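# Structure at a glance
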Amino acid sequence: MWSGRRRLGSFGLGRLRSPYPYILTVPQCATEGVLAAEAERAGVRVHRATTVRSVEEDADGVTVRSDTLDPVRARWAVAADGASSTLRALTGTVFRGRTYAGTWQLADLRVEEPSLDPARVHMVGGPRGLLVVLPMHLDGWTRVVLHLPHGGMPGGDVPGGGVPGGEGGAEELVAEAAARGWTATVREFRWTSTFGTHRRLAAHDGGKRVLLIGDAAHVCSPIGGQGLNLGVRDAVSLAAALPAATAAARGGPAHEALTAWRRARRADALGVLARTDLATRAWTLRSAPARVVRDTAVRGALTIPAGRRLLAEAVAGPRPRGCLADHAGLDRQDTP
């Protein structure tokens, strides 16, 4: 962790009680490829050019109608359709929260001779804003993330592959990163993206048969890298909970079997949103006196083992609980 070019300290994940005591940064396209391959192996067909038009719930199930498919009837519909969820909107579920000031820009770059250790994650705070540099665990590839307090540099989702200085604002991003304390020789960029960030949580959906997971249920700041992990925990725990809910449906109200799942997922989401909100506010401070207080607190925490352990556990995220640990075969004490 850095304040400008001044090092505040560091912590590692090697002492975590986990079989995976490290950070693994995986490109989103790779994650999507793995999920698509698994869906195909399971015989699931993904209809990407289909828009859901209506969702009708009743005591026995839900009917989903779209613009290209015949109506689909099921006991439950799982809304995993992102932060702008159509299913959430169709059910009238309120998405409460706030939008953070400024914008963020990231780029995946293949670099040589970086000024900071390429094997470590670096967070650099300063008057110009936050800079995060993450190793991609691919040959020479690095992800660079900038917080732009006033919005600003050009770039949308732009595929890369060329030399630096091209489209998408990659050249501007590299120059801004250098001004904040990280330099490197950039050989190639894969893509850049500019986006806003939010802290939002869907209102409790009671006994509804449309089950919200992932960004459809909650969105958080990217600081800490918890958003995707939280969504995966939603999905894994729901896969474990639905068989019990199906069995219960034959003898009583099905929604009762999902009450524990909803309660656990909401508690997990609230915890993640609270931690990422605190980290976002701390690392995007604009006032110089406030940054001095932050830097002093961070430096102090990093000088003692307990402080380093707490930071490592915060980065790793919560340990699985309830049905997630029980049905996934995980030891609750050994897995973060």
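All values derive from a computational prediction rather than experimental measurement.

Each helix and strand counted, the protein has eight helices and 16 strands in total. Once local pairs closer than 6 in sequence are excluded, the contacts in the protein between residues at least 24 apart make up 69%.

So, on to the sheet that holds strand E14 (residues 198-202). Read from one edge of the open sheet, three strands run E7-E14-E16, paired in antiparallel fashion. The open sheet has two edge strands, strand E7 (95-99) and strand E16 (218-219), and neither has a second partner. Bridge analysis of E7 against E14 gives five bridges, and the strand direction is antiparallel. If you follow Phe95 over to E14, its bridge partner there is Ala202.

Below, the discussion takes up the nonpolar core. Nonpolar side chains tend to gather and get buried jointly when the protein is soluble and globular. Formed by 18 residues in total, the largest nonpolar core has its most connected members in Leu109, Leu131, Val144, Leu146, Leu173, Ala177 and Trp182. Of all the secondary-structure elements, those providing two or more residues to this core are strand E8 (103-112), strand E10 (131-135), strand E11 (141-148), helix H3 (170-180) and strand E13 (185-195). Among the elements that line this core, the one with the most residues is H3, at four residues. With 17 residues, the next largest nonpolar core counts Leu8, Leu106, Leu130 and Leu302 among its residues.

Moving on, we get to H3. Among the residues making up H3, those that are buried are Ala170, Leu173, Val174, Glu176, Ala177 and Arg180. Projected down its long axis, H3 carries its buried residues within an arc of 165°, all on one side. Of the surrounding elements, those touching the buried residues of H3 are E8, strand E9 (122-125), E10, E11 and E13. Phi turns positive, to about 125°, at Gly181, one or two residues after H3.

Let us now look at a nonpolar patch on the surface. Together, Tyr20, Tyr22, Leu24 and Val26 line one region of the surface with nonpolar side chains, adding up to about 440 Å² of accessible area. Looking at where Leu24 falls in the secondary structure, it is placed in the loop between strand E2 (6-7) and helix H1 (28-41).

Another point: the pairing of strand E3 (residues 52-57). Pairing of E3 with strand E4 (residues 62-66), which is carried by five bridges, proceeds in the antiparallel orientation. Among the inter-strand pairings, Ser54 is bridged to a residue of E4, identified as Arg65. The antiparallel pairing of E3 with E4 creates a hairpin that spans four residues between the two strands.

A few words on the pattern of salt bridges. This model, assessed by the stated rule, comprises 16 salt bridges. Of the charged contacts, one joins Asp268 and Arg233 as a salt bridge, the two residues approaching to 2.8 Å between their closest N and O atoms. With Asp268 in helix H5 (residues 259-283) and Arg233 in helix H4 (residues 227-249), the pair connects residues that are 35 residues apart, well separated along the chain. The residues Asp268 and Arg233 share a single accessibility class, namely buried.

So, on to the environment of Asn229. Locating Asn229 in the fold gives a position in helix H4. On the accessibility criterion, Asn229 (36% relative accessible area) is partly exposed. A C-alpha to C-alpha distance of 9.7 Å links Asn229 and Ala316, two positions 87 residues apart in sequence.

Glancing now at unusual backbone geometry. Positioned with a positive phi, Glu113 is a non-glycine residue whose angle comes to about 50°. Relative to the helices and strands, Glu113 is located in the loop between E8 and E9.

Attention shifts here to the confidence of the model for the protein. Detailed reading of predicted coordinates is not advised where the pLDDT is low. Per-residue confidence for the protein gives a mean pLDDT of 85, with 85% of residues at or over 70. Contacts from residues 323-336, a stretch scored under 50 in pLDDT, to residues over four places away or in other chains number 36 contacts.

Taken as a whole and assessed by the stated rule, the structure comprises zero aromatic pairs. Residue placement shows Arg88 over the ring face of Phe95; its charged tip is 3.7 Å from the ring centre. Here the guanidinium or amino end of Arg190 rests over the ring plane of Trp141, the centre of that ring lying 4.0 Å away.

What counts, and where the lines are drawn
- The numbers attached to residues start from 1 for each chain and follow its sequence in the written order.
- Local features in a predicted model are, by the rule used here, given only for residues with pLDDT of at least 70; side-chain atom pairs are given and counted only at 80 or more, and totals for whole chains, interfaces and linings are based on all residues.
- Hydrogens and water are ignored here; the side-chain numbers use all heavy atoms of the structure.
- Under the scheme used here, helices are H or I runs from DSSP no shorter than 4 residues and strands are E runs no shorter than 2 residues, and both carry numbers assigned from the N terminus.
- By definition in these notes, contact holds between two residues if any of their heavy atoms fall within 4.5 Å.
- Two strands qualify as a pair provided DSSP detects at least 2 bridges between them.
- Buried Ala, Val, Leu, Ile, Met, Phe, Trp, Tyr and Cys residues form a nonpolar core when they are joined through side-chain atoms within 4.5 Å.
- Only protein chains enter the accessibility calculation, which uses a 1.4 Å probe; a residue whose area is less than 20% of its type maximum is buried, one above 50% is exposed, and one in between is partly exposed.
- The arc in question is the one traced by the directions running from the helix axis out to the C-beta atoms.
- In this analysis, a patch consists of residues with relative accessible area above 30% that form no salt bridge, clustered at 9 Å for like charges and at 5 Å for the nonpolar side chains Val, Leu, Ile, Met, Phe, Trp and Tyr.
- Methods summary: accessible areas were calculated by the Shrake-Rupley approach with a probe of 1.4 Å, and residue burial reflects only the protein chains presented.
- In the sections that follow, a salt bridge refers to a side-chain nitrogen of Lys or Arg positioned within 4 Å of a carboxyl oxygen of Asp or Glu.
- Confidence of the predictor in every single residue is expressed as pLDDT, which spans 0 to 100.
- Side-chain rings of Phe, Tyr and Trp, where Trp is taken by its six-membered ring, are said to pair if the distance between their centres is within 6.5 Å; with planes under 30 degrees apart they count as stacked, over 60 as edge-to-face, and otherwise as tilted.
- The criterion is that NZ of a Lys, or CZ of an Arg, lies within 6 Å of the ring centre and within 35 degrees of the ring normal, and then a charge sits over that ring.

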